[in-house]
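Residues per chain are reported as follows:
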Amino acid sequence: MDPFNAITLAIFLPFIVAGLIPAAEKILKHYVGWLAAATALISFLLIATVLPLVIHDGPISYAVPWLSSVGIDFSLYIDGLSILIGFLASGIGVLIMAYSNGYMSHKEDLPRYYMWLLLFMGSMVGMVFSANTILLFIFWELTSITSYMLIGYWRDKPESIYGATKSLIITAAGGLVMLAGFLFLHSITGTFDIPTILQNEALIQTVKDHNLFLITLVLIFIGAAAKSAQGPFYIWLPNAMEAPTPVSAFLHSATMVKAGIYLVGRMHPIFSGTEAWFILVSGTGMITMVMAGFMAFRQTDIKGILAYSTISQLAYIMTMYGYTTQHHPGIGVTAATFHLLNHATFKACLFLVAGIIAHEVATRDIRKMGGLRREMPITFIIAVIGALSMAGIPPLNGFLSKEMFYESSVEMGAALGSPYTILIPVIAIMGGVFTFAYSIKLIDGIFLGKRPKKGLPKHIHDPGIIMLIPAAFLAFLVILFGLVPSIPVHYIVEPTASGILLEPVHLHVKLWHGITTPLIMTIVTFILGILVYSKYDAIAAWQDRFNARHPRISVNYHYDAAVDNAKTYAHKISSVTQPGTIKTYINAVLILIVTLVCIPIILLGADVIPQTLNFNIAPYEALLMLLMIVAGIAIVVLPGYLPAIIALSALGYMVGLLFIYLKAPDLALTQVLVETLSTIIFFLAIAKIPQKFKEKIPTTTLIRDVIISVAIASTVFIMLVNATQGIVSPFESLSHYFIENSLTLAGGHNIVNVIIVDFRGYDTLGEISVLCLAALGVYNLIHSRSEEK
Amino acid sequence: MNNTLLSFTIAILFGFGTFLILRRDIIKVIIGLGVLSHAVNMLIVSVGVFTGTKVPIILGSHGEHGASGASGTIFNDALADGVLAPVVAAGTHIDYVDPLVQALVLTAIVISLATTAFILILAYRIHEEYGTTDLRELRRLWG
């Protein structure tokens, strides 16, 4: 299949199937999850068909015109990087949706669950293959929204709602900041198309030399950091763990949080090789890596530990992408790419294990667990493989990419010179030590030691095969990638790295390559890691005390305060602007009318009352107008409902007469008919409403209302006498067209009729709809009463 | 130019309508809306673009144009010049009054009937449920 069609189908197939899920559920019942998994598998295979082409010929880009006039097309860019994340989204998607069949109870709202999972997957695949920044932004925000729906899947849990809202606020706001960055990028380069920039070295150099370089970089990076939970934006990820565990494994470890990493990789050729890139990306990465790894200690929820671990591991990748010098812009790119892949395998595997434990043991609190190795031997083995890979133990894949991380850190430190030669490797080791410690904690806390006497169900066992196979498959990949690294390196890492570095990359990864600096660093990491682990509980306790003493140091504290304040101030503002008394609203509108009409009159400097006034009028017409004013006075002055309505009716009939004077026979006819009908309706209604309430208007109110009324009347008068004085609208009237074509096009002599039934037929359709709605409304209002009584 | 007396009448009716919709009694407010809609309808009809005096009904069957003495088109299609509306050559005199505003107001009259009917029934139901037509009292009851 043509690569463009294959990728387009891979993007939109999940969207289409998502739409069919509710109907399919009627037939398939709880087997509907397998339909979702099959869809993900097809998407995966479609992406896989494109891979050989990319390895062979390099990146491919395609465009279908969309909003071409503003430079936005539906354009795809297919290179190693997009394929890697596309593989993760669809491939892990298959495993997750299969696993969910065992995890989700059949009583759950399964169509909603699988629908949002598929929508997420489609958005994610669409995002990574988007060549156009605006298209990328659209899919980016779609992943935020679908993630919001999935975190908040259990709608009746307040924690779910809190976590979902938090993730949406942070990631979607980050997305908007990123959009601002894209607009800056557009103003520098003149294009929204990413490949156009990537393939033009002169243009990239222009970006780097531009005044707006720094602000563009910072804005785009904030978007990436918010999505990948880096720096202060990390706070949404731990709360997102309220999602069902398969969702956490899928979105919040393997795919969606990789979107920020993806963006950094995509923008790498444009911004890297500069000091700002290193400081921003690596700086944020290193701080996040160490802090998140450290903060993982005090988590008691298994998923909480995994969440902080994810933040820390993503920070590894971020740090490596940030390693750059002017001559060698992509020091850590291959290592980052490899770790990206490896992290997705071992972390998704661990999340699935966490799901298994939550499912079988009915708790996720690590303090209540221990000694489960006998009861869950298979789960135990899978967990050990995943955790040891995360800790960086050979011969698992985590070891390989950890080594590469150390190697690139040493290289970067050397490139910067003293004191960074030591400092950067030391920070890297610190990250590694914390990772080692909490990885061991996961194994030790859950599976080793003694089984607690209380708090655990009596019979605990390995789960069914549906939940075991996806986790086992990921564990198998962890070992496979570790023992035979040439497979992932050749098929995935090399094309991805070439996609980022824009040149062919050849890489040789071996398990054993002699005693090198990275190996020594790894050994140091293990020794320090064991030492730190021996003090694990003491450190966690100290963290708890520290947090209790300094609540303000936490980012969450400020997030909560900001959200609460926003609510309070919004309430204060709306209680002033929306007090609920109709009179306030009416007054606001009236004052606005007066102001809006007065301002242009003053600005234009027109004589407010023109010199020549036209009083040339037939006596009977003057009499008619005089009578209208009299009727108006009667309506206002008469206190009873009935006399006022009769006066209103009289006014309405006189308006009909006036329409004859204004040369509008159709209006006169309609007015007389409608006035008759409306008088009848008034009488019918008033007959049922006794006039109990008689308003006594206080003098101040009376004066104020009279002033407002006089102001409105004067405004209208001034407007009217000036309206015919030559204040010309910038547009010509359409009336000419109607007059000329009424007979020729529509064959009607009465131009007004032709406009209503022909030229402006849709307006009339709207008018009829209003009548129908009003009739329905009236019917329902009366009907609602008869039900109650 | 519009007749000043007509403009004055319309303006006065606007004033009356405004005073009534500021009242506390729902029924008075509805009556005020009725007065306002009459005034608005008259206002729109009275500000048509043409100075013509004939009712906009074409007599005869030969497609006699409203433009005096003109036998071809009375406007230039100005799309090519970037103007998205037909533009009439300067000084063109048209015998008819403006048909467009009449068509608009015809629609408005019918819609105001619909809204008046709806709002009256609403007031009636409010009276049934709450036993009052005082807006301030209702605001208090709704909390």
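Residues numbered from 1 in each chain as written. Chains lettered and ligands numbered in written order. Predicted model: local features only at pLDDT ≥ 70, side-chain atom pairs only at ≥ 80, totals over all residues. Heavy atoms only, no water.

Novice: Any details on the overall build of chain B? Residues and values, ideally.
Specialist: If you tally the helices and strands in chain B, you get 4 helices and 2 strands. Beginning at the N terminus, the succession of helices and strands in chain B can be written as α-α-β-β-α-α. Relative to its full complement of 143 residues, chain B shows a buried share of 58%. Sequence separation of 24 or more characterises 64% of the internal contacts of chain B that already satisfy a separation of 6 or more. Split by element, the accessible area of chain B, about 5900 Å² in all, is 63% carbon and sulfur. (Helix = DSSP H or I, 4+ residues; strand = E, 2+ residues; numbered from the N terminus. Buried < 20%, exposed > 50% of the residue type's maximum accessible area, 1.4 Å probe, protein only. Contact = heavy atoms within 4.5 Å. Areas by Shrake-Rupley, 256 points an atom, 1.4 Å probe, with all protein chains shown as cover.)

Novice: Which residues make up the layout of surface pockets, and what values do they have?
Specialist: Residues and elements named next belong to chain A. Estimated volume of the second largest pocket: approximately 940 Å³. Residue lining of the second largest pocket: 34 residues in total, with His 328, Pro 329, Gly 330, Leu 501 and Glu 503 positioned closest to the centre. The set of elements that each furnish at least two residues to the lining of the second largest pocket consists of α8 (201-209), α12 (258-271), α15 (333-361), α17 (397-416) and α20 (486-501). Ranked by residues supplied to the lining of the second largest pocket, first place goes to α17 with 6 residues. Along the lines of polarity and charge, the residues of the lining of the second largest pocket split into 13 nonpolar, 13 polar and 8 charged. (1 Å grid on protein atoms, 1.4 Å probe; cavity = no way out; pocket = protein on both sides within 12 Å on 5 of 7 lines; lining within 4 Å. Points joined across faces, edges and corners; volume = space filled by probe spheres on them. Nonpolar A, V, L, I, M, F, W, Y, C, P; charged D, E, K, R; others polar.)

Novice: Describe the side chain of Ser 144 of chain A, listing the residues and the values that go with them.
Specialist: Residue and element names in this part refer to chain A. Structurally, Ser 144 is set in helix α5 (residues 133-151). For Ser 144, a relative accessible area of 1% gives the class buried. Setting aside residues no more than four positions away along its own chain, Ser 144 makes contact with Leu 168, Thr 171, Ala 172, Lys 227 and Met 256.

Novice: Before we move on, can you summarise helix α1 (residues 4-21) of chain B with the specific residues and values?
Specialist: Residue and element names in this part refer to chain B. In this model, α1 (18 residues) spans 26 Å end to end at C-alpha, consistent with the 26 Å of a helix rising 1.5 Å per residue. In terms of burial, α1 is a largely internal element, 15 of the 18 residues being buried. Of the residues that open α1, the one with a side-chain oxygen 2.8 Å from the backbone nitrogen of Leu 5 is Asn 3. (Expected span 1.5 Å × (residues − 1). Polar contact = N/O pair within 3.5 Å; in protein donor to acceptor, adjacent residues only side chain to side chain.)

Novice: Requested: an account of the interface of chain B and chain A, with residues and values cited.
Specialist: Every contact between the two is made by 90 residues of chain B and, on the other side, 103 residues of chain A. Around 8900 Å² of area is buried between chain B and chain A when both sides are counted, 77% of it from carbon and sulfur atoms. Among the salt bridges present, the one from Glu 695 of chain A reaches Arg 23 of chain B, with a minimum N-O distance of 3.3 Å. Taken together, the links from chain B to chain A amount to 15 residue pairs in polar contact (both at pLDDT 80 or more). Elements with a minimum of two residues in the side of chain B that touches chain A: α1, α2 (26-46), β2 (87-88), α3 (99-130) and α4 (135-142) of chain B. Among the elements that line the side of chain B that touches chain A, the one with the most residues is α3 of chain B, at 24 residues. (Buried area = accessible area lost by both parts, 1.4 Å probe. Salt bridge = Lys/Arg side-chain N within 4 Å of Asp/Glu carboxyl O.)

Novice: Talk me through the environment of Ser 401 of chain A; I want residue IDs and the actual numbers.
Specialist: All names here are of chain A. In this structure, Ser 401 sits in helix α17. Between the alpha carbons of Ser 401 and Tyr 438 there is a distance of 18 Å; along the sequence they are 37 residues apart. Not counting residues up to four positions away in its chain, the partners in contact with Ser 401 are Phe 338, His 339 and Asn 342. Here the side chain of Ser 401 touches Asn 342 through a polar contact of 3.0 Å, side chain to side chain.

Novice: Outline empty space enclosed by the protein, supporting the account with residue identities and numerical values.
Specialist: Applying the stated criterion across every chain, the model contains 5 cavities of 30 Å³ or more. Put simply, the largest cavity is a space of about 150 Å³. If you trace the largest cavity, you find 14 residues lining it, with Glu 675 and Ser 678 of chain A together with Ser 37, His 38 and Ser 112 of chain B closest to the centre. Sorting the residues of the lining of the largest cavity by element identifies α27 (665-688) of chain A together with α2 and α3 of chain B as the ones contributing at least two each. Here the element with the most residues in the lining of the largest cavity is α27 of chain A; it accounts for 5 residues. Grouping the amino acids of the lining of the largest cavity by side-chain chemistry returns 5 nonpolar, 8 polar and 1 charged. Its volume calculated, the second largest cavity comes out at about 80 Å³. Around the second largest cavity, the lining residues are Ile 302, Leu 306, Leu 350, Val 353, Ala 354, Ile 357, Ala 383, Ala 387, Leu 442, Ile 443, Ile 446 and Phe 447 of chain A.

Novice: Explain the environment of Val 101 of chain B to me, using residue names and the numbers behind them.
Specialist: Residue and element names in this part refer to chain B. Along the chain, Val 101 turns up in helix α3. Judged by relative accessible area, Val 101 falls into the buried class, the value being 12%. In this structure the C-alpha to C-alpha distance between Val 101 and Leu 36, which are 65 residues apart in sequence, comes to 17 Å. Contacts of Val 101, omitting those with residues within four sequence positions, involve Ile 44, Val 45 and Gly 48.

Novice: Talk me through the nonpolar core; I want residue IDs and the actual numbers.
Specialist: Of all hydrophobic cores here, the largest spans 205 residues; its most connected members are Met 97, Phe 129, Phe 271 and Tyr 321 of chain A. With 18 residues, α15 of chain A is the largest single contributor of residues to this core. If we ignore the near neighbours within four places in the chain, the residues touching Tyr 321 of chain A are Leu 81, Ile 261, Val 264, Gly 265, His 268, Trp 277, Val 281, Val 333, Ala 336, Thr 337, Leu 340 and Ile 500 of chain A. One finds Ala 631, Met 654 and Val 716 of chain A together with Val 45 of chain B within the second-largest nonpolar core, a separate group that totals 75 residues. (Core = buried A, V, L, I, M, F, W, Y, C linked by side-chain atoms within 4.5 Å.)

Novice: Run through the domain arrangement of chain A, naming residues and quoting values.
Specialist: All names here are of chain A. Here the domain parsing of chain A yields domain 1 (274-534), domain 2 (583-734) and domain 3 (735-789). On a C-alpha basis, the centroid separation for the pair domain 2 and domain 3 is 24 Å. Listed by partner, the interface residues are 4 residues for domain 2 and 7 residues for domain 3. Here domain 2 meets domain 3 over a buried area of about 440 Å², counting both sides, of which 39% is carbon and sulfur. Linking domain 2 to domain 3 there are 0 salt bridges. Where domain 2 meets domain 3, there are 1 residue pair in polar contact (both at pLDDT 80 or more). Across the side of domain 2 that touches domain 3, the residue classes break down as 1 nonpolar, 1 polar and 2 charged. (Domains from an automatic or database assignment.)

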